[in-house]
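# Working through the structure, step by step
Residue-level listing of the chains:
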Amino acid sequence: MSKEIFVIKNKEITKVFEETTRQYLVGNLERPQKLNHFKDNKLEIGITSYKEPNCEAPHYHTQAYEYQYIISGETEYIDIENGKEYIFYAGDFYVTPPGVQYAQRSRPGTTIFFIKSPPGDDKVVIEPSKEITAWMKKVSE
């Protein structure tokens, strides 16, 4: 382990979001990304930033807890199993535990800081029902 402080400057983070919507700051990542990141196998930390309306396909995680803080904008979740809807605004913090099946839609200008533990690609995509597909289409309204 290095005894040197690792830094990613704001200008690097800002520039990369001109081309993409999600980048990791920390993790032992298998997929390449544009932003230099701190390699760590204990957790993943990243930022998601949407300039346009966006939907995240219905899914759940088998092991990971996702801790999220809304920096700006608004994002909505729907619990696939019980239909409960959640709306999160700038300044809100929430946790999605493993096994919770959800879909997400975000307004333009939404930026989310997230931490995922344990790390790894444990996402299981779910085929959306007609109702969930209709819910997801409302993101641009």
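Basis of the calculations
- Residues numbered from 1 in each chain as written.
- Predicted model: local features only at pLDDT ≥ 70, side-chain atom pairs only at ≥ 80, totals over all residues.
- Heavy atoms only, no water.
- Pairing = 2+ DSSP bridges.
- Helix = DSSP H or I, 4+ residues; strand = E, 2+ residues; numbered from the N terminus.
- Axes fitted to C-alpha atoms, helices over the stretch in contact; angles between N-to-C directions.
- Polar contact = N/O pair within 3.5 Å; in protein donor to acceptor, adjacent residues only side chain to side chain.
- Contact = heavy atoms within 4.5 Å.
- Buried < 20%, exposed > 50% of the residue type's maximum accessible area, 1.4 Å probe, protein only.
- Salt bridge = Lys/Arg side-chain N within 4 Å of Asp/Glu carboxyl O.

Two pairing modes exist for strands in a sheet, parallel and antiparallel, and in both the strands are linked by backbone hydrogen bonds. The sheet built from five strands is open, its strands ordered β6-β5-β8-β3-β10 with antiparallel pairing. Strand pairing shows two members of the sheet lacking a second neighbour, β6 (85-89) and β10 (123-125), which therefore form its edges. Strand after strand, the sheet turns through a mean of 30° between neighbouring axes, direction not considered. As judged from the five bridges shared by strand β5 (residues 74-79) and β6, these two strands associate in the antiparallel manner. Counted as the bridge partner of I78 is E85 from β6.

Another aspect to go through is the side chain of S49. If you trace the backbone, S49 turns up in strand β2 (residues 44-50). Polar contacts involving the side chain of S49 include one to the side chain of T111, which spans 3.1 Å. Sequence-distant contacts of S49, that is, excluding residues within four places in its chain, are made with F17, T20, T21, T110 and T111.

Our focus in this paragraph is the environment of K130. Inspection of the secondary structure puts K130 in helix α2 (residues 130-137). Under the relative-accessibility criterion, K130 is labelled exposed at 75%. Separated by 85 residues in sequence, K130 and I45 have C-alpha atoms that sit 33 Å apart.

At the junction of S117 and P118, the peptide bond is cis and its omega measures out at -5° in the coordinates. Here P118 is to be found in the loop between β9 (110-117) and β10.

What follows concerns the environment of F6. In this structure, F6 sits in the segment before α1 (10-16). Each C-alpha atom of the pair F6 and Y60 lies 32 Å from the other, and the pair is 54 residues apart in sequence. Those residues within four positions of F6 in sequence are excluded, and the remaining contacts are N36, H37 and F38.

Taken in spatial order, the five strands make up an open sheet running β1-β2-β9-β4-β7, and their pairing is antiparallel. Taken across any chain shown, the strands that pair with only one partner, and hence form the sheet edges, are β1 (22-26) and β7 (93-96). On average, adjacent strands in this sheet sit at an angle of 25° to one another, irrespective of strand direction. The sheet contact formed by strand β4 (residues 65-72) and β9 spans seven bridges and is antiparallel. Pairing of Y67 across the sheet is with I115, part of β9.

Let us now look at the pairing of β4. Bridge count for β4 against β7 is four bridges, and the pairing is antiparallel. Bridging from a neighbouring strand, Q68 pairs with Y94 of β7.

Applying the stated criterion to the full structure yields ten salt bridges. The partner of K116 in a salt bridge is E44, with the nearest N and O atoms 3.6 Å apart. A residue pair is termed long-range when its members are at least 10 positions apart, and K116 in strand β9 and E44 in strand β2 qualify at 72 residues. The same class applies to K116 as to E44, namely buried. The salt bridge partner of D122 is K116, with a shortest N-O separation of 3.7 Å. The two residues D122 and K116 agree in class, both being buried. It is possible to trace a salt-bridge network through shared partners that takes in R22, E56 and K123.

Limitation: the analysis is restricted to geometry and does not speak to function.
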